[in-house]
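Secondary and tertiary structure notes
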Amino acid sequence: MLEKIKKSFLFFLILLVSSFIFKEVSDYLDKQKLLENLKYTSNTIENFYLVSKSDYTYTLKGYKLLEKRNKFYIENPDVNYFGEKGSFNIKSKKGLYDVKEKMITFYSGVNFKSKDIRMETEYIFIDTEKKIAYNDISTTIFSENMTTKGRNLFLDIDKEILKLDKVNSQFRGKDG
């Protein structure tokens, strides 16, 4: 059971890496001045697919990407991350990246999946500078033999701290 908790924690750390992905997307778009050169009336890109390859590989796809006042609104963001320590996917119905604040918000049906765990919540904030993720609502974490529910998710990637308040865990045996 302790091993599963360690694996779950590792994949939450990977979640924060996705915050850096959005930062890279923003920096890339700033450098390329891509959105400034578009002639759409509302600066909207539809059905986009972005691939990045560096020390790690990720893809970002979505239905719409809209830039307004240093904020990128993303409809149906879908991020796939592939790295040395594993891979994961995070989806939601809506996403927002604030360039000034370096803050990513996934909201409306957030679903995080990795090899060993799945997490569901309604929204999560990711501070890319402080390398923390948090919310103040209910979060459910599913693994092969355990379901954990709690509130007030807090994850600090540098200190390797994961906290949930009001935790309720259900452990299932091999038959259950």
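Moving on, we get to the overall build of the protein chain. Secondary structure summary: the protein chain contains 2 helices and 12 strands in total. Secondary structure of the protein chain in N-to-C order comes out as α-α-β-β-β-β-β-β-β-β-β-β-β-β. Per-residue burial over the protein chain gives 43% buried out of 176 residues. Considering only residue pairs separated by 6 or more positions, the protein chain has 38% of its internal contacts joining residues 24 or more positions apart. Counting only carbon and sulfur atoms, one obtains 47% of the accessible surface of the protein chain, whose full area is about 10,400 Å².

Moving on: the environment of F106. Tracing the backbone shows F106 in strand β7 (residues 103-114). Relative accessible area serves as the criterion here: at 1%, F106 is assigned to the buried category.

Here the focus is the nonpolar core. Of all hydrophobic cores here, the largest spans 27 residues; its most connected members are I90, F106 and I124. Sorting the residues of this core by element identifies β1 (44-53), β2 (57-68), β3 (71-75), β4 (78-83), β5 (86-91), β7, β8 (117-127) and β11 (146-156) as the ones contributing at least two each.

With that settled, the discussion passes to the pattern of salt bridges. Two side chains of opposite charge can pair, provided their charged atoms sit close to one another. The tally for this structure, following the rule as stated, stands at 3 salt bridges. With a shortest N-O distance of 4.0 Å, K91 and D78 are connected by a salt bridge. Taken together, the positions of K91 in strand β5 and D78 in strand β4 put the pair 13 residues apart, joining distant regions of the chain. Across the pair R118 and E120 runs a salt bridge, and its minimum N-O distance is 2.2 Å.

A few words now on the packing of aromatic side chains. Considering all chains together, one arrives at 2 aromatic pairs under this definition. Between the aromatic rings of F125 and Y134, the centroid separation amounts to 5.4 Å while the plane-to-plane angle is 35°, which identifies the pairing as tilted. Connected via pairs of aromatic rings, a cluster forms that spans Y123, F125 and Y134.

Right, let's get into the confidence of the model for the protein chain. Mean pLDDT for the protein chain: 79, with 69% of residues reaching 70 or above. Summarising per-element confidence for the protein chain, the mean pLDDT is lowest in helix α2 (residues 34-37) (54) and highest in strand β10 (residues 138-143) (92).

Another point: the side chain of T148. Mapped onto the elements of the fold, T148 is located in strand β11. One polar contact links T148 to S169, side chain to side chain, over a distance of 3.0 Å. Excluding residues within four positions of it along the chain, T148 makes contact with T139, T140, I141, L164, V167, N168 and S169.

With a phi close to 70°, S108 is a non-glycine residue in the positive phi region. Topologically, S108 is positioned in strand β7. For S108, a relative accessible area of 25% corresponds to the partly exposed category. The phi dihedral of K166 falls on the positive side, at around 50°, and the residue is not glycine. For K166, the position within the fold is in strand β12 (residues 161-171). Relative accessible area serves as the criterion here: at 72%, K166 is assigned to the exposed category.

Moving on, we come to the pairing of strand β6 (residues 94-98). In terms of burial, β6 is largely enclosed, as 4 of its 5 residues are buried. Bridge count for β3 against β6 is 5 bridges, and the pairing is antiparallel. Across the sheet, the residue bridging to F72 is Y97, located in β6. Pairing geometry for β6 and β7, over 5 bridges, is antiparallel. Within β7, the residue paired with L96 across the bridge is T105. Count of turn residues in the β6/β7 antiparallel hairpin: 4 residues, of which K102 carries a positive phi of about 55°.

Reading the values: rules and limits
Sequence order as written defines residue numbering, which begins from 1 separately in each chain. Whole-chain, interface and lining totals are the exception, using all residues; otherwise, since this is a predicted model, local features are given only for residues with pLDDT of at least 70 and side-chain atom pairs are given and counted only at 80 or more. In computing side-chain properties, one takes all heavy atoms of the structure into account and sets aside hydrogens as well as water. Only DSSP runs of H or I with at least four residues qualify as helices, and only runs of E with at least two residues qualify as strands; both kinds are numbered from the N terminus onward. Under the scheme applied here, a residue whose accessible area is under 20% of the maximum for its type counts as buried, over 50% as exposed, and between as partly exposed, the area being computed with a 1.4 Å probe on protein chains only. Two residues qualify as a contact provided that any one of their heavy atoms is within 4.5 Å of a heavy atom in the partner residue. What sets the accessible areas is the Shrake-Rupley method with a 1.4 Å probe; for residues, cover comes only from the shown protein chains. Remark: nonpolar core denotes a set of buried residues (Ala, Val, Leu, Ile, Met, Phe, Trp, Tyr, Cys) joined through side-chain atoms within 4.5 Å. Here, a salt bridge means any Lys or Arg side-chain nitrogen found within 4 Å of an Asp or Glu carboxyl oxygen. Aromatic pairing here means that ring centres of Phe, Tyr or Trp (its six-membered ring) are within 6.5 Å. Orientation follows from the plane angle: under 30 degrees is stacked, over 60 is edge-to-face, and everything else is tilted. Scored from 0 to 100, pLDDT records how confident the predictor is in each individual residue. Within 3.5 Å is the distance limit for a polar contact, defined as a pair of N or O atoms, with the added protein rule that one can donate a hydrogen and the other accept it, and that residues adjacent in sequence qualify only through two side-chain atoms. In this scheme, strands are said to pair when DSSP sees at least two bridges between them.

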